[in-house]
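If you want the building blocks of each chain, they are given just below.
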Amino acid sequence: MAIERTLSIIKPDAVAKNVIGQIVARFEQAGLKVIAASLKQLSRSEAERFYAVHSERPFFKDLVDFMVSGPVFVQVLEGDNAIQKNRDLMGATDPKKAEAGTIRADFAESIDANAVHGSDAPETAAVEIAFFFPESNIHSR
Ligand code: RTP
Ligand code: MG
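Residues numbered from 1 in each chain as written. Chains lettered and ligands numbered in written order. Predicted model: local features only at pLDDT ≥ 70, side-chain atom pairs only at ≥ 80, totals over all residues. Heavy atoms only, no water.

Asker: How should the sheet that holds strand S3 (residues 72-80) be read in this particular structure?
Answerer: Backbone hydrogen bonds hold the strands of a sheet together, and the pairing may be parallel or antiparallel. Strand order in this open sheet of four strands is S2-S3-S1-S4, and the pairing throughout is antiparallel. Every other strand in the sheet has two partners, leaving strand S2 (33-40) and strand S4 (116-118) as the edge strands with one partner each. Neighbouring strand axes in the sheet, compared pairwise and without regard to direction, differ in orientation by 20 degrees on average. As defined by bridge partners, S2 adjoins S3 across seven bridges and the pair is classed as antiparallel. Considered in S3, the bridge of Ala36 is made with Val76. Packing of helix H5 (residues 82-90) onto the sheet brings it into contact with strand S1 (3-10), S3 and S4, and relative to S1 it is tilted by some 35 degrees. Taken strand by strand, helix H7 (residues 122-132) contacts S1, S2, S3 and S4, and its axis lies near 55 degrees from that of S1. (Pairing = 2+ DSSP bridges. Helix = DSSP H or I, 4+ residues; strand = E, 2+ residues; numbered from the N terminus. Axes fitted to C-alpha atoms, helices over the stretch in contact; angles between N-to-C directions. Contact = heavy atoms within 4.5 Å.)

Asker: Mind showing me how you'd approach the UniProt feature "binding site: ATP" (unreviewed entry) in the chain here?
Answerer: Residues given the UniProt feature "binding site: ATP" (unreviewed entry) here are Lys11, Phe59, Arg87, Thr93, Arg104 and Asn114. With respect to the helices and strands, the residue Phe59 is situated in the loop between helix H3 (44-50) and helix H4 (60-67). Among the secondary structure elements, Thr93 is positioned in the loop between H5 and helix H6 (103-107). If near-sequence neighbours (up to four positions away) are discounted, Thr93 is found in contact with Arg104, Ile111 and Asn114. (UniProt positions renumbered as here; feature names shortened; annotations may be inferred.)

Asker: In this structure, what is going on with the confidence of the model for the chain? I would like to understand it.
Answerer: When pLDDT drops low, the exact placement of atoms in the prediction is not to be read closely. On average, residues of the chain score 98 in pLDDT, and 100% of them reach the 70 mark or higher. Prediction confidence for the complex, expressed as pTM and ipTM, is 0.97 and 0.93 respectively. (pLDDT = per-residue confidence, 0-100.)

Asker: It is not clear to me how the site of ligand 1 should be interpreted in this structure. Could you clarify?
Answerer: Not every one of the 14 residues close to ligand 1 is listed here, only the nearest: Tyr51, Thr93, Ile111, Asn114 and His117. Within the side chain of Arg87, an N or O atom sits 3.0 Å from an oxygen atom of ligand 1. Relative to its free-state accessible area of 550 Å², ligand 1 is covered by the protein chains to the extent of 80%. Looking at the shell around ligand 1, the elements that each hand over two or more residues are H5 and S4. Among the residues forming the shell around ligand 1, the class breakdown is five nonpolar, five polar and four charged. (Near = heavy atom within 4 Å. Polar contact = N/O pair within 3.5 Å; in protein donor to acceptor, adjacent residues only side chain to side chain. Areas by Shrake-Rupley, 256 points an atom, 1.4 Å probe, with all protein chains shown as cover. Nonpolar A, V, L, I, M, F, W, Y, C, P; charged D, E, K, R; others polar.)

Asker: Help me understand the side chain of Asp13 in this model?
Answerer: Of note, Asp13 is situated in helix H1 (residues 12-16). No salt bridge is formed by the buried Asp13. Its closest oppositely charged neighbour is Lys17, at 5.5 Å. Discounting residues that sit within four places of it in the chain, Asp13 has contacts with Phe66, Ala108, Ala113, Asn114 and Ala115. (Buried < 20%, exposed > 50% of the residue type's maximum accessible area, 1.4 Å probe, protein only. Lys, Arg positive; Asp, Glu negative; His and termini not counted. Salt bridge = Lys/Arg side-chain N within 4 Å of Asp/Glu carboxyl O.)

Asker: Help me understand unusual backbone geometry, please; the structure alone is not making it clear to me.
Answerer: What is expected of a backbone is that most residues other than glycine have negative phi and most peptide bonds are trans. Here the phi dihedral of Asn81 falls at roughly 55 degrees; this positive angle occurs in a residue that is not glycine. Relative to the assigned elements, Asn81 resides in the loop between S3 and H5. Judged by its relative accessible area of 26%, Asn81 falls in the partly exposed class. A positive phi angle, close to 75 degrees, is found at Ala115, a residue other than glycine.

Following this line, the structure appears as structure tokens:
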């Protein structure tokens, strides 16, 4: 299996619930390593650019409002098959549909406040990682 990098965001709802550590522990238990991390308040412009792919969707304004509602914990995760592994740990976008034992099933309230973001493909992972972290702030180990 290929060693990959993916971008993870612990969203404002989960940061407010004080479960950063519980979520990071799931990544670590699954063999993913945190190789960059930052607690960060996104500006509106940053949230809009990060989710630009959704700019024409009806939920875009709610999504941006939510993403700037408090600090987020942004990380680069590295490991075998990291992109899919992270998506599997997260569970479905709508926590009501997320499998038991996934992060969204256990910590998310709604499709808007759904605890975590994870890159969905190698191309988006590369763009999303570069959006937040210069290579000099990433420490592979
Ligand atoms: P994410 O990008 O945050 O990791 O989530 P995802 O891939 O599972 O879902 P995506 O389709 O990329 O949607 C991005 C975020 O927009 C919100 N959303 N709301 N109300 C709705 O129908 C709706 N659909 C999506 C969610 O917060 C989702 O995480
Ligand atoms: Mg997505």
